[in-house]
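Structural description and commentary
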Amino acid sequence: MTEQAIHQCLAAVEDLSRLSVLGAKIGIRPHQASVELRIAYIRDMLAILDRYC
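Residues numbered from 1 in each chain as written. Predicted model: local features only at pLDDT ≥ 70, side-chain atom pairs only at ≥ 80, totals over all residues. Heavy atoms only, no water.

A few points about the packing of helix H1 (residues 3-11) against helix H2 (residues 35-52)
Interhelical geometry of H1 versus H2 gives an angle of 50° and a closest axis separation of 10 Å. Considering their axes alone, H1 and H2 lie oblique with respect to each other. The two elements H1 and H2 cross, and the hand of that crossing is right-handed. On the side of H1, the interface is formed by Glu3, Ile6, His7, Leu10 and Ala11, while H2 contributes Met45, Ile48, Leu49, Arg51 and Tyr52. Classifying every residue of the contact of H1 with H2 gives seven nonpolar, one polar and two charged. (Axes fitted to C-alpha atoms, helices over the stretch in contact; angles between N-to-C directions. Helix = DSSP H or I, 4+ residues; strand = E, 2+ residues; numbered from the N terminus. Parallel < 35°, antiparallel > 145°, perpendicular 65-115°, else oblique. Left-handed = near helix turned anticlockwise from the far one by under 90°. Contact = heavy atoms within 4.5 Å. Nonpolar A, V, L, I, M, F, W, Y, C, P; charged D, E, K, R; others polar.)

What follows is the structure in structure tokens.
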């Protein structure tokens, strides 16, 4: 999912503060990526959420 698509989904929520949880599904298979790559992916996803919220 692109950053724009994530932002469009978040925009569909009337009031983000009413959400009990805001997160993203991370679909990197452990055997296909190093720990460093998985951490970078998580960091990047959190940055996308931070830019919106």
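More follows now that the structure is in view.
Some points on H2
Side chains of residues three or four places apart in an α-helix project in the same direction, reflecting 3.6 residues per turn. Its 18 residues give H2 an end-to-end C-alpha distance of 26 Å, which sits within 8% of 26 Å, the value for a rise of 1.5 Å per residue. Residues of H2 that are buried include every one of Ala40, Met45, Ile48 and Leu49, and no others. The inward-facing, buried residues of H2 abut H1. (Expected span 1.5 Å × (residues − 1). Buried < 20%, exposed > 50% of the residue type's maximum accessible area, 1.4 Å probe, protein only.)

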